[in-house]
Structure formats: C-alpha cells, structure tokens
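Chain and residue survey
What follows is each chain in one-letter form.
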2 protein chains.
Amino acid sequence: MKKIMNDPKNIVAEMVEGMVRAYPQFVERLPETEALVRSDKSSMTGKVGLISGGGSGHEPTHAGFIGEGMLSAAVCGQVFTSPTPDQIYAAIKAADQGKGVFMVIKNYSGDVMNFDMAKDMADLDGIEVKSITVDDDIAVENSTFTQGRRGVAGTIFMHKILGAAADQGASLTELETLAKKVLPNIKTIAVALSGATVPEVGKPGFTLADDELEYGVGIHGEPGYRKEKMRPSKDLVKELLGKLKAAFNYQAGDKFAVLVNGMGATPLMEQFVFMRDVLNQLKDEGVNVAFTKVGNYMTSLDMAGVSLTLFKLTDDSWLDNLNYPVNTIAWTQK
Amino acid sequence: MKKIMNDPKNIVAEMVEGMVRAYPQFVERLPETEALVRSDKSSMTGKVGLISGGGSGHEPTHAGFIGEGMLSAAVCGQVFTSPTPDQIYAAIKAADQGKGVFMVIKNYSGDVMNFDMAKDMADLDGIEVKSITVDDDIAVENSTFTQGRRGVAGTIFMHKILGAAADQGASLTELETLAKKVLPNIKTIAVALSGATVPEVGKPGFTLADDELEYGVGIHGEPGYRKEKMRPSKDLVKELLGKLKAAFNYQAGDKFAVLVNGMGATPLMEQFVFMRDVLNQLKDEGVNVAFTKVGNYMTSLDMAGVSLTLFKLTDDSWLDNLNYPVNTIAWTQK
C-alpha cells in the first residue's frame, strides 16, 4: 500500500483539518468532532437544517456539498465506518435554526442505527428531526453492511434537491414529503475495475484480475453480481443501462438527470467517454436527458470504476432544484 | 491495462463528445476539431480572447476551465500530444472578438512550436495574438519533451489570473504585461507514487516498486530527480516545500496562494492530509497563505501522486483575480 498519509489512525482527523483550513469560506469544524458545519451562518437563518454524513473515504461526499443551497452540516466517520451518534448530534445542533433538521442517511446498518440514536438525543432536547434513508443501488438486495439496498451516488441528487428546497424555505414536513417522492426515482449501478484499500487495512478489499471487471460493486467494495472479462465502454453502458431500464421500466419520452460518477482512481477522460456512450444509448431509446454531471462525487478511496445514476424527473420543479444556485466545494454553480 | 474506453484511437474524440454533450451550458465543439469554445458567447463580446490547450490526459485541464471569467476556448490534442496548428488556429478564430487573442502555452517543445505556427496563421488573417509560455515545474531543467522547465499545474493559476483580467476588459498588451509579471511567481513540484498508462501504449510510462516514490516527475511521466522509499506525508511536504523555499527564497510574512493538485488516481482524502501538512509547515515558517485549492486540476491520466504549487502574491490585485467569479465545469465559484 502506498498512500499519502501520516498515521493511518489519524487520517480522517487530518483530512478534516486539511479541509477546514483549505476551505474556511465553506466549512468550519465543530469542536472536538469530525463534524463540519457551513461557515456562512447567515445563509442558514430561518431555514430547516439539512445534514448528512457517513464513513469517510467517499470524498468529496459529504462535506464537499456543505454550503448555501445544499447541506448545512456533515459528519465524517472513520474510513468506511459510521460516525458516532454524539458526532451526528453535534451536527444536528449546529444545523438547527429553530425549524428542525432533516437528515439524509445512506442505507447502511451502522449509519441507520447511529443517525437514529442521534435523532433520539435531539428529541430529548426538543429539536425536531426527520430523515430519509437513500437506497439507490439496484445491483443487489441486502449486502455486507446493509438490509435492503445500499445508498450510493444518487444520494448527491437527494442533497441537491432537498438543499434547494430548504434554501427556499421548505418546512421540515415539506422536506420529508419531497424526499419520499424523490427517493424511488433515483437509481444507481456501478462497475468496478479495482478494489479500494482502507488505510488501516493496507490491502485492497477485493481484487480483480488484470483483464477483469465486476458489475454491481458497492462503495465499500461490497460484492456485485457478476465478474467478467474487460469490455468496451459501450458494452459496460449496455449492461448497466439495461439494469436501470428494467428497474425503471423507462419509456421513450421519459425525462432524466444523469450522473456519471468516478470511484476515485478513474480519470475524467474515461468518465466522459462513458457518459458519451450513455447519452448515445439513451438517445437511441428516445429518452430525454435534461441534466448531466460527470466527475468524482461519491468515491470509494482509490477504487477504479464508475457508477451510473438515473434520476427520473417526474416533477418539473426537480430540474429547477438541480439547477438552483449553490456555493460548495464540490458542486459547481451552473 | 484496464480502461473504460472503446477504441483507444478514438478516446480523445469520444471524450470531447462526452464533454460537450454533458456540459452544453459551458462548452461547444468547433466543427471538425477537438477544440472547444465557450457556449456563452455574450460573455466574450468586446473582450480579448483567452485560449489554452495541449495534449489530452490532464483533465479537467484545459477544457474544464472554459467559461465566463476564465478561458474562451481550449484545444484538446491526442493523449500527451500537442494539438495541431490548424486546431489551435480554429480556437483562436473562435475566441477572437476583434480585440486579439492571448494564448497560455505549457512549455513543451511540441506545444510551443504548434501554438507559434497557429499564431503565424492568425497573423496572416489579421488577428493579433500574444502568448505566455508557462514553465512552473522547478524539479528539473530540460526534460524529455522540454527545453527549460516544464509547464504543469501552476498553469491553472495563470488561466485564472488572466481570465479575470480579460473579463474585466484588459487589453492584449495589458494581459501580456500581467502574464510576464505573474509567471516567475508561480512554481510547482510533484511527487509520484505510480506511472500513467497512455491508452494506445497499454502499459505505464514508468514503474515504481510497491514501497517507492519518485520526486519531481512530470505530467507525462517525465523522470524526476530522486526515487526513495515511501515516507509519511509530512516528510513529502518537507522535501517538496524545501525545494520551493529554495526556489523562491521565501521569508516569513510573504503571501502565497497554494494549490495541492491530485495527479488522477490519488483520493481527495490523501490530498487534504497533504494540504494540512503543507499549511502546518508554512505556518511554522511564518508564511501567509491567502488562497488555497485542493483537487484534481492538472492530472496525468491514472498517475497516483500530487503536485504542490505556490504562487507568490506580490500584487494584491492577484488575490482579487483568484477570487473573481467564474462559471466553468471545474473551478468552483467561491
């Protein structure tokens, strides 16, 4: 293992320190935690707080999406490990402006349990908290750390939709209604070319042969549904879009947002080629693509591969939310 | 080699197609070329055009920096290969609004020659063209493809400074004066943990042992100045900042912008740890850091490693230029 780090035990704390010192205009660290809150407090006033978090190793998720129009706060757990309830609760308190706090949770058993305990702590203090659990990964049912489906890159669309709504004054109940309506319309599936190496472990969580790929791998290296020999980008698209088409049962004329997400070690060049092939196939199928993003949004340390997220825009206001202005480290404005 | 692509011969054309179809609000393709121009033409009116380009494989450089307040156009050569003069000339013509065009060239022999030929073509057509050749890499004098020093990640600061000035109405001559003043104040040095694999070649340009790193490697895998066993982040910072300190002869109280740039396969987590260590050492040395960026800006395909750029802010207006609003794919607003 070669990683740019000092002691692997301190890698998350040092990363968080690097983030807040590099980007003080966006994020501040909450004392004695690895939780981050928006620096521009005035942009939070009078609004429902929106928080997320989870194990680290998925950067820029989640802290890179803190800012006006997106998250109020985010909690960075140890690598691939849920943050503790007290750290999540610190984020809840920092995000609360008297209007309550909405939590976006990725569907991993540890996260679900700890965010739920943090909610209980908030209840005791009279802070109203609601949440959504994102389970957008259609690759497999149940997984190493999950009951049901895993929460992956589609979570970023949830951040964006709810962040825009919260910024425009949506109430806690309105955010919950919106989140529930959006959730079944976001679906993701990935292909991995290599495993990720957790710093404290020192070797990849799984290995693939030099000419092998695996479909459906999770963002912590959870097993996918099939390995096979490496194939051209167009064929990978055919496989992954085939699964998404079946899951959505989409038709010509349906309208989607599309996210091609790099897993960490895959160059943008390859991600753009993949997006081209996605757009070609969707065009052939008569699908209307109204919004696109390409880049490293929900990574898995140094894993090579991409995930593909489709978000069915059944409500026109959702496209407005996707295009709503933000100021964050990782989501560009336009 | 495992890459998400179709035919390696078409990888740049397909990447460019993916880019313009994913981000039509930012970039348009010039017909029959791999040159891209800003979509928002109205933001270019009455201003000097600013273009850049070079071999592909460094994404988001350069096309990711096209947009209001930054580049007018960019030319994507084949992987690690200079774009042809006719493609560069197409970008010049598209960028020209009657006020002339300024070219930012990275110091590689092929680029210098081809951008110069494109300037000659523009001269014949009465388009006034000036340029700067960026040679910020202090690692070595002369290199595989270079007379003098190589142009690397510091080029992005040049884009940003000149882009802000052009947007505020600077003349062609004013841009040239500014570029010449800025140039000696931008210096970069890198450390590589692995080589990059060019798609048409199929194997890494160089290899390092499992516990080995190399200081001073170029963005095309050009040799650096020393290999040694892997060391903690703090020690890498000590080595690289030591070289930069000697090159600048910087003193306590000097003011800098700092860019920590991922080479392609290095996770943000490691980049933030590295930035933390850079900021710690600069603080110990009494250096004033006024601006920071962390991320994959000038990559080298799937190379693992980081580069460190210091930009000495000897003129206060340069900090304003760094903070000047932009709308691009890859440079976030604030």
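What comes next concerns the included structure. Because the structure is a prediction, the values reported are computed rather than measured. (Residues numbered from 1 in each chain as written. Chains lettered and ligands numbered in written order. Predicted model: local features only at pLDDT ≥ 70, side-chain atom pairs only at ≥ 80, totals over all residues. Heavy atoms only, no water.)

**Comments concerning the pairing of strand 7 (residues 186-192) of chain A**
All names here are of chain A. Burial of strand 7 is extensive: 7 of the 7 residues sit out of reach of the surface. The alternating pattern of strand 7 places Ile186, Thr188, Ala190 and Ala192 on one face and Lys187, Ile189 and Val191 on the opposite face, and all of these are buried. With 2 bridges connecting them, strand 7 and strand 8 (residues 212-215) associate as antiparallel partners. Bridge pairing links Val191 to Tyr215 in strand 8. (Buried < 20%, exposed > 50% of the residue type's maximum accessible area, 1.4 Å probe, protein only. Helix = DSSP H or I, 4+ residues; strand = E, 2+ residues; numbered from the N terminus. Pairing = 2+ DSSP bridges.)

**A word on the interface of chain B and chain A**
The interface is formed by 66 residues belonging to chain B together with 66 residues belonging to chain A. Across the chain B/chain A interface, buried area totals approximately 5,400 Å², and carbon plus sulfur atoms make up 62% of it. On inspection of chain B and its partner chain A, the count reaches 6 salt bridges. A salt bridge links A:Arg276 to B:Glu14, with the shortest nitrogen-to-oxygen separation between them at 3.6 Å. The tally of links between chain B and chain A comes to 26 residue pairs in polar contact (both at pLDDT 80 or more). If you list the elements that add at least two residues to the side of chain B that touches chain A, you get helix 1 (11-22), helix 6 (233-248), helix 7 (268-284), strand 11 (288-295) and strand 12 (305-312) of chain B. It is helix 7 of chain B that provides the largest number of residues to the side of chain B that touches chain A, a total of 12 residues. (Contact = heavy atoms within 4.5 Å. Buried area = accessible area lost by both parts, 1.4 Å probe. Salt bridge = Lys/Arg side-chain N within 4 Å of Asp/Glu carboxyl O. Polar contact = N/O pair within 3.5 Å; in protein donor to acceptor, adjacent residues only side chain to side chain.)

**A word on the packing of helix 7 (residues 268-284) of chain A against helix 1 of chain B**
Put simply, helix 7 of chain A and helix 1 of chain B touch, their axes get as near as 7 Å, and they point 65° apart. Considering their axes alone, helix 7 of chain A and helix 1 of chain B lie roughly perpendicular with respect to each other. For the crossing formed where helix 7 of chain A meets helix 1 of chain B, the hand is left-handed. Of the residues in helix 1 of chain B, those touching helix 7 of chain A at A:Met269, A:Phe272, A:Val273, A:Met275, A:Arg276, A:Leu279, A:Asn280 and A:Lys283 are B:Ile11, B:Val12, B:Glu14, B:Met15, B:Glu17, B:Gly18, B:Met19, B:Arg21 and B:Ala22. For the contact of helix 7 of chain A with helix 1 of chain B, the class distribution of residues is 10 nonpolar, 2 polar and 5 charged. (Axes fitted to C-alpha atoms, helices over the stretch in contact; angles between N-to-C directions. Parallel < 35°, antiparallel > 145°, perpendicular 65-115°, else oblique. Left-handed = near helix turned anticlockwise from the far one by under 90°. Nonpolar A, V, L, I, M, F, W, Y, C, P; charged D, E, K, R; others polar.)

**Some words on the nonpolar core**
Counting 206 residues, the largest nonpolar core has A:Phe102, A:Phe274, A:Phe311, B:Phe102, B:Phe274 and B:Phe311 as the members making the most contacts within it. When sequence neighbours within four positions are dropped, the list of residues in contact with B:Phe274 reads A:Ile4, B:Ser233, B:Leu236, B:Val237, B:Leu240, B:Val260, B:Val306 and B:Leu308. Formed by 22 residues, the second largest nonpolar core is a distinct cluster that contains B:Ile51, B:Ala73, B:Ile88 and B:Ile127. (Core = buried A, V, L, I, M, F, W, Y, C linked by side-chain atoms within 4.5 Å.)

**So, the pattern of salt bridges**
Considering all chains together, one arrives at 46 salt bridges over all chains under this definition. In this structure, B:Lys3 engages A:Glu270 in a salt bridge whose closest nitrogen and oxygen atoms are separated by 3.8 Å. In this pair, B:Lys3 sits in the segment before helix 1 while A:Glu270 sits in helix 7, so the two residues belong to two different chains. As far as the burial class goes, B:Lys3 and A:Glu270 line up, both buried. Ionic pairing is found between B:Lys130 and B:Glu176, a salt bridge with its closest N-O pair at 3.4 Å. Separated by 46 residues along the polypeptide, B:Lys130 in strand 6 (residues 129-134) and B:Glu176 in helix 5 (residues 172-182) bring together distant segments of the chain. For B:Lys130, a relative accessible area of 21% puts it in the partly exposed group. The structure contains a network of salt bridges with shared partners spanning A:Glu14, A:Glu17, A:Arg21, B:Arg276 and B:Asp277.

**Some remarks on the side chain of A:Asp277**
Here A:Asp277 lies in helix 7. Among the polar contacts made by the side chain of A:Asp277, one reaches the side chain of A:Arg276 at a distance of 2.6 Å. With residues up to four places along the chain from it excluded, the contact list for A:Asp277 reads A:Ser233, A:Lys234, A:Val237 and B:Asn6.

**What to know about the packing of aromatic side chains**
This model, assessed by the stated rule, comprises 22 aromatic pairs over all chains. Measuring from ring centre to ring centre gives 6.2 Å for A:Phe272 and B:Tyr23, while their planes differ by 75°; the resulting arrangement is edge-to-face. With A:Phe272 in helix 7 and B:Tyr23 in the loop between helix 1 and strand 1 (27-29), the pair connects residues from two separate chains. With respect to class, A:Phe272 is no different from B:Tyr23; both count as buried. In textbook terms, an aromatic cluster arises when at least three aromatic residues are bridged by ring pairs, as seen for A:Phe65, A:Phe157, A:Phe291, A:Tyr297, A:Phe311, A:Trp318 and A:Trp331. Lying across the ring of A:Phe248, A:Lys187 places its NZ or CZ 5.3 Å from the centre. Just above the ring of B:Trp331 sits the side chain of B:Lys293; from NZ or CZ to the centre is 4.3 Å. (Phe/Tyr/Trp six-rings, centres within 6.5 Å; stacked < 30°, edge-to-face > 60°. Lys NZ or Arg CZ within 6 Å of the ring centre and 35° of its normal.)

**A closer look at the relation of the copies chain B and chain A**
Superposition record for chain B on chain A: RMSD 0.0 Å, screw rotation 180°, translation along axis 0.0 Å. One copy is carried onto the other by what is essentially a two-fold rotation axis. Taking C-alpha positions as reference, the residue of chain B nearest the rotation axis is B:Ala265, located at 1.9 Å. Comparing contact sets, 100% of the residues at the interface of chain B also lie at the interface in chain A, consistent with an isologous, same-surface contact. (Least-squares fit on C-alpha atoms with pLDDT ≥ 70 in both.)

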